Amino acid sequence: MSNTAVVFAGDTFSTVSRRAYGSEVYASTIAAANPDAVEPLLPGTVLAIPALPGAPTDKAQQAPSDGVNEVAILIDGVRFRFWSDLVLTRSLDAMDTLEFSAPFDPDAPGFRATFRPMSYKPLVVTVGGAVLFSGVLIGVDPPLDSERNVLAVAGYSSPAVLNDCTPPASSYPLEFNAQALPDIAAALCKPFGLAVQFDADGGAVFERLAVDPSQTVAAFLADLARQRSLVMSSTPEGALLFQQSTEGGNPVAVLVQGASPLVSVSPSFSPRQYHSHITGLESVLIGTEGSQYTAKTPHLAGVVRPLTFKAGDVQGGDIKTAVNAKLGRMYGNMVAYSVEVSTWRDPQGELWAPNTTVKLEAPGAMVYSSYELVVRSVSFERDAERELATLDLVLPGSFQGKPPERMPWD
């Protein structure tokens, strides 16, 4: 989110920076966030002033709670109490999202102001007083049924703006030389006022990178993260998060078919995404020779289903990491289990969370014995009649570049 500043006669990016932040060192940040503005600045111009990563904002505001499961929605810092049919999804490798329904009276100024289209208002959700989601309001769909007057409201976490946007035009040509992922991510997030959090080592430096002007920030960073066996998502507080997938071994719950709190299990198999060999080719200049690496799938003996791809910015031993990462993602995309449970909390009393594991035994879904799976995402659902959580489970090693020791149906 950004604030604004009006340009006065004689202003430069440095003077605006001093007025907005108390220091001139953020002049380049303001310039990057306003690619249409060049010095000398015209008086009366309204400039976007990005929030500084880590600075307190309205997004950090919390709502008091009388109960551990009380849900509160704050729009632009004001609690909105008239919502219904809420679905909040937190993910290991995607940005968090929020959907809910709200009554709408087109004649009421308060509703008009709250649900202005394209306003990108700060949106916060707390559970039991603790922040679970920080983002912006992006969608307000008016009711098609004039007798019902109910809005469909959508929001996404603050870093999800990187899925929509490229770096500012003033940044190009944009290159990074001998820099590690944490520094690259911080530089690209700076114009958007986003904090970056690494819960794992950022890995080796990238020798040379150039950002394609047609590529969004998220697509560029996600590709680099995969090459370092990391996944990218968002924190409840609205920071961009890089982390490694859990290795398992400490499941938060054991879910058994026919026993509470398990409600249902829906398997999803994508056999066309399953390959016997994954080969990565190093990108090289014409006339030179690059390296390659092949990883064999251990569960497809006697089957020929090869896949070859061109690796990105990799050299030497890095290509093995890139190939193994693609192998792991293959397992993550070809098998999934959608598991519904009748509570938002695990047996320890904690909210279900991505990047944890559960053990599942569901013979009806071809999980014939207890099998540990990684929680890829969690969707929290609540309406007037029920509370439900849906866990999206994938095979272990999917985000670590490791094939599972066995398949759930073995």
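All chains use their own residue numbering, which begins from 1 and follows the written sequence. In view of the model being predicted, local features appear only for residues whose pLDDT reaches at least 70, and side-chain atom pairs are presented and counted only at 80 or more, with totals across whole chains, interfaces and linings using the full set of residues. Just so you know, side-chain values use all the structure's heavy atoms and leave hydrogens and water out.

## Focus on the overall build of the protein chain
Of regular secondary structure, the protein chain possesses seven helices and 23 strands. Atoms counted for the radius of gyration: C-alpha only. Globule rule: 2.2 Å times residue count to the power 0.38. Taken over C-alpha atoms, the radius of gyration comes to 24 Å for the protein chain, in line with the 22 Å a tight globule of 410 residues would show. Seen through its C-alpha atoms, the protein chain measures out along the principal axes to roughly 75 × 65 × 40 Å. To sort residues, take the accessible area from a 1.4 Å probe on protein chains only and compare it with the maximum for the residue type: under 20% means buried, over 50% means exposed, and anything in between is partly exposed. The proportion of buried residues among the 410 residues of the protein chain is 45%. Throughout, a residue-residue contact means that at least one pair of heavy atoms, one from each residue, lies within 4.5 Å. Long-range contacts, defined here as pairs at least 24 residues apart, represent 67% of the contacts in the protein chain between residues at least 6 apart. For the protein chain, the accessible area works out to roughly 19700 Å², and carbon and sulfur atoms hold 52% of it. This count recognises Lys and Arg as positive and Asp and Glu as negative, with His and chain-terminal groups excluded. In plain terms, the charge of a residue is placed at NZ if it is Lys, CZ if Arg, CG if Asp and CD if Glu. With 28 positive and 43 negative side-chain charges, the protein chain shows a spacing of 3 Å between the two charge centroids. In this description a helix means any DSSP run of H or I spanning at least four residues, a strand means any run of E spanning at least two, and both kinds are numbered starting from the N terminus. Working definition of accessibility: Shrake-Rupley area with a 1.4 Å probe, residue cover restricted to the visible protein chains.

## Here's the deal with a nonpolar patch on the surface
On the surface, Phe 269, Met 366, Tyr 368 and Trp 409 cluster together into a nonpolar patch covering about 390 Å² of accessible area. For Phe 269, the location among the structural elements is in strand β16 (residues 262-269). The class of Phe 269 is partly exposed, set by a relative accessible area of 38%. Here the term patch refers to residues with relative accessible area over 30% and no salt bridge, with like charges joined within 9 Å and nonpolar side chains (Val, Leu, Ile, Met, Phe, Trp, Tyr) within 5 Å. Salt bridge, as used here: a side-chain nitrogen of Lys or Arg that lies within 4 Å of a carboxyl oxygen of Asp or Glu.

## Section: the pattern of salt bridges
Overall, the coordinates contain eight salt bridges when judged by the stated rule. Arg 18 serves as the salt-bridge partner of Glu 24, at 2.1 Å between the closest nitrogen and oxygen. Owing to a relative accessible area of 39%, Glu 24 belongs among the partly exposed residues under this scheme. Taking the shortest distance from any N to any O, the salt bridge between Asp 96 and Arg 90 comes out at 3.2 Å. Each of the two residues, Asp 96 as well as Arg 90, counts as buried.

## Quick notes on the sheet that holds strand β14 (residues 240-243)
Any two strands with at least two DSSP-identified bridges between them are counted as paired. Taken in spatial order, the three strands make up an open sheet running β11-β14-β13, and their pairing is mixed. Of all the strands in the sheet, just β11 (196-198) and β13 (231-234) have a single pairing partner and so form its edges. Averaged over all pairs of adjacent strands, the angle between their axes in this sheet comes to 25 degrees, without regard to strand direction. Inspection of the sheet shows β13 paired to β14 by four bridges, in the antiparallel sense. Opposite Ser 234, over in β14, you have Leu 240 as the bridge partner. Think of each axis as a best-fit line through the C-alpha atoms, taken over the contacting stretch in the case of a helix, with angles from 0 to 180 degrees between the N-to-C directions.

## Considering the packing of aromatic side chains
Ring pairs (aromatic) are described by centroid distance and by the angle formed between their planes. By convention, a stacked pair of Phe, Tyr or Trp rings (six-membered ring in the case of Trp) has centres within 6.5 Å and planes under 30 degrees apart, an edge-to-face pair has planes over 60 apart, and any other such pair is tilted. Under the defined criterion, the tally for this structure stands at nine aromatic pairs. Centre to centre, the rings of Phe 80 and Phe 115 are 5.3 Å apart; their planes meet at 90 degrees, and the pair counts as edge-to-face. Placement of the pair is Phe 80 in strand β4 (residues 78-80) and Phe 115 in the loop between α3 (109-114) and β7 (122-127), with a sequence separation of 35 residues. Just as Phe 80 is buried, Phe 115 falls in that class too. With 5.5 Å between their ring centres and 75 degrees between their planes, Phe 269 and Trp 409 make a pair best called edge-to-face.

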